Amino acid sequence: MTSTTLFYIIIAIIIINFIIDKLIDALNAKHFNDKLPKELEDVYDDTEYKKSQNYKATRYKFGILTSTFSILLTLGFLWFDGFEFIDNIARSYSESPILIALIFFGVIMIGSDLLTTPFSYYSTFVIEEQFGFNKTTKKTFFLDKIKGWLMTAVFGGGVLALIIWFYNVTGTYFWLYAWGLVALFSVFMNMFYSKLIVPLFNKQAPLEEGALRDKISAYAETVGFKLNKIFVIDGSKRSTKANAYFSGFGSEKRVTLYDTLINDLDDDEIVAVLAHEVGHYKKKHIVFNLFASILLTGLTLYILSLFISNPLLSQALGVEIPSFHIGLIAFMLLYSPISEITGLIMNMFSRKFEYQADDYAKNTYKAPPLITSLKKLSKNSLSNLTPHPAYVFMHYSHPTLLQRIKNLRK
């Protein structure tokens with residue numbers, strides 16, 4: 001195979017992925033105005049349903065614009081040898097493979113983010129503002145950008161530097177050391193993300209003593225679940241949308257509730273949502289997802305090790321001097337169809353786990369408050385209640401609201 005053939009394979013993969021994605025989006029958009037199923041008729045009144053339809057249509061049109069810009073930018077960058085241009089800039093500053101790679105990815109990351117920032121700004125301050133979701137200030141928006149860059153530089157740059165060092169020292173066996181590094185990093189972040197990273201962006205405080213905390217503690221005791229760390233996060237700082245999540249293991253396990261969730265739901269509904277999260281923990285879903293992610297990473301790194309030394313990867317992107325970082329870019333583009341397949345499989349597991357967590361909440365607490373909480377959360381986020389099955393299969397990590405309610409009412 002020649003580098004030219006490989007180049008056109010990469011182009012074909014990008015275009016085919018784009019076409020499939022847009023076709024599925026279009027199928028989904030045709031269902032925006034469907035009549036609501038009987039089980040969901042009480043979620044929206046007529047005015048709210050029209051608002052949700054307008055929101056979905058607006059997001060869909062904006063998605064077409066952003067994705068078209070993204071693919072044209074990517075194809076143009078490939079066609080006009082943009083990777084070689086950035087690689088030459090990086091090489092003009094250093095001869096170290098590690099520093100060259102860090103400069104290379106740094107330029108691409110910041111350049112890409114700067115080009116897409118206007119779209120992100122419009123999404124936040126025009127679309128989300130128009131439909132009453134946005135609470136982010138311009139100061140917070142740009143501070144988040146800067147913090148994100150610094151986080152990527154520190155953690156992403158550190159991991160990348162070590163992986164390239166492993167490659168230079170051990171050759172094709174680098175993937176074993178890289179796998180171990182990524183596994184340790186994944187476990188560490190899962191354990192301490194809420195304690196170390198979240199405070200950089202949000203304020204967290206223990207849930208105050210009172211009726212809600214008493215109900216949560218009483219439920220946790222009935223299922224033999226030690227839960228001393230219940231935190232409230234100021235999600236309303238950025239959006240009116242609500243959420244809750246579980247993180248950590250052992251002594252570091254904690255439940256985090258968005259303040260918007262506490263404002264939108266009554267105490268029984270919040271306990272039901274928490275029971276669902278406890279279900280994920282009790283059913284070992286968090287451990288499964290973590291280890292599945294680590295195994296998939298190991299598989300990806302092993303396959304990468306088989307090809308990374310082949311100069312064809314770099315030459316396919318128009319770069320004459322073979323290097324780990326250019327080969328990595330080419331590999332990621334070629335590997336994307338496999339990533340899509342593994343993503344679909346993980347989504348299938350995730351949807352199954354959501355049913356199991358719902359069943360756990362139903363059996364250990366009760367179903368009605370979980371149903372009403374799901375309806376309220378869907379209403380308050382103007383969710384799409386009539387998605388196309390193909391769109392659900394490709395993109396949903398959770399079952400649809402209708403599917404979850406039918407399951408809970410069994």
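In case you missed it, the structure is sitting above this.
Residues numbered from 1 in each chain as written. Predicted model: local features only at pLDDT ≥ 70, side-chain atom pairs only at ≥ 80, totals over all residues. Heavy atoms only, no water.

Enquirer: Please clarify how helix α5 (residues 138-170) should be interpreted in this entry.
Expert: Since there are 3.6 residues in each turn of an α-helix, residues three or four apart along the chain are aligned in direction. The terminal C-alpha atoms of α5 lie 47 Å apart, and with 33 residues this matches the ideal 48 Å at 1.5 Å per residue to within 8%. When the local axis directions of α5 are compared, the greatest deviation, roughly 25°, occurs at Gly-157. Within α5, burial applies to Thr-140, Phe-141, Lys-145, Met-151, Gly-157, Val-159, Leu-160, Ala-161, Ile-163, Ile-164, Phe-166 and Tyr-167. Within two residues after α5, Gly-171 carries a phi angle of roughly 70°, on the positive side. (Helix = DSSP H or I, 4+ residues; strand = E, 2+ residues; numbered from the N terminus. Expected span 1.5 Å × (residues − 1). Bend = angle between axes of the 7 residues up to and from the residue. Buried < 20%, exposed > 50% of the residue type's maximum accessible area, 1.4 Å probe, protein only.)

Enquirer: I would appreciate a short explanation of the sheet that holds strand β2 (residues 230-233) in the present structure.
Expert: The strands making up a sheet associate through backbone hydrogen bonding, with each pair oriented either parallel or antiparallel. A sheet is described by the order of its strands in space; here 4 strands give the open sequence β1-β2-β4-β3, paired in mixed fashion. A strand with exactly one partner marks an edge of an open sheet, and here the two such strands are β1 (204-206) and β3 (244-247). Taking the axes of each pair of neighbouring strands and ignoring which way they run, one obtains an average angle of 30° across the sheet. Two elements, β1 and β2, share 3 bridges in a ladder whose sense is antiparallel. (Pairing = 2+ DSSP bridges. Axes fitted to C-alpha atoms, helices over the stretch in contact; angles between N-to-C directions.)

Enquirer: Any chance you could explain a nonpolar patch on the surface here in plain terms?
Expert: On the surface, Phe-288, Ile-341, Ile-345 and Phe-349 cluster together into a nonpolar patch covering about 330 Å² of accessible area. Per element, the largest residue contribution to the nonpolar patch is 3 residues, and it comes from helix α12 (residues 324-364). (Patch = residues over 30% accessible without salt bridge, like charges linked within 9 Å, V, L, I, M, F, W, Y side chains within 5 Å. Areas by Shrake-Rupley, 256 points an atom, 1.4 Å probe, with all protein chains shown as cover. Salt bridge = Lys/Arg side-chain N within 4 Å of Asp/Glu carboxyl O.)

Enquirer: Would you mind showing me how to read the packing of α5 against helix α6 (residues 174-197) here?
Expert: Packed helices, taken two at a time, are described by the angle between their axes plus the distance between the axes. One way to put it is that α5 packs onto α6 with a least axis distance of 9 Å and a crossing angle of 165°. For the element pair α5 / α6, the angle class is roughly antiparallel. Where α5 crosses over α6, the two elements pack in a sense that is right-handed. Contacts between α5 and α6 involve Met-151, Phe-155, Val-159, Leu-162, Ile-163, Phe-166, Tyr-167 and Thr-170 from the former and Phe-174, Tyr-177, Ala-178, Leu-181, Phe-185 and Ile-197 from the latter. Counted by class, the contact of α5 with α6 contains 13 nonpolar, 1 polar and no charged residues. (Parallel < 35°, antiparallel > 145°, perpendicular 65-115°, else oblique. Left-handed = near helix turned anticlockwise from the far one by under 90°. Contact = heavy atoms within 4.5 Å. Nonpolar A, V, L, I, M, F, W, Y, C, P; charged D, E, K, R; others polar.)

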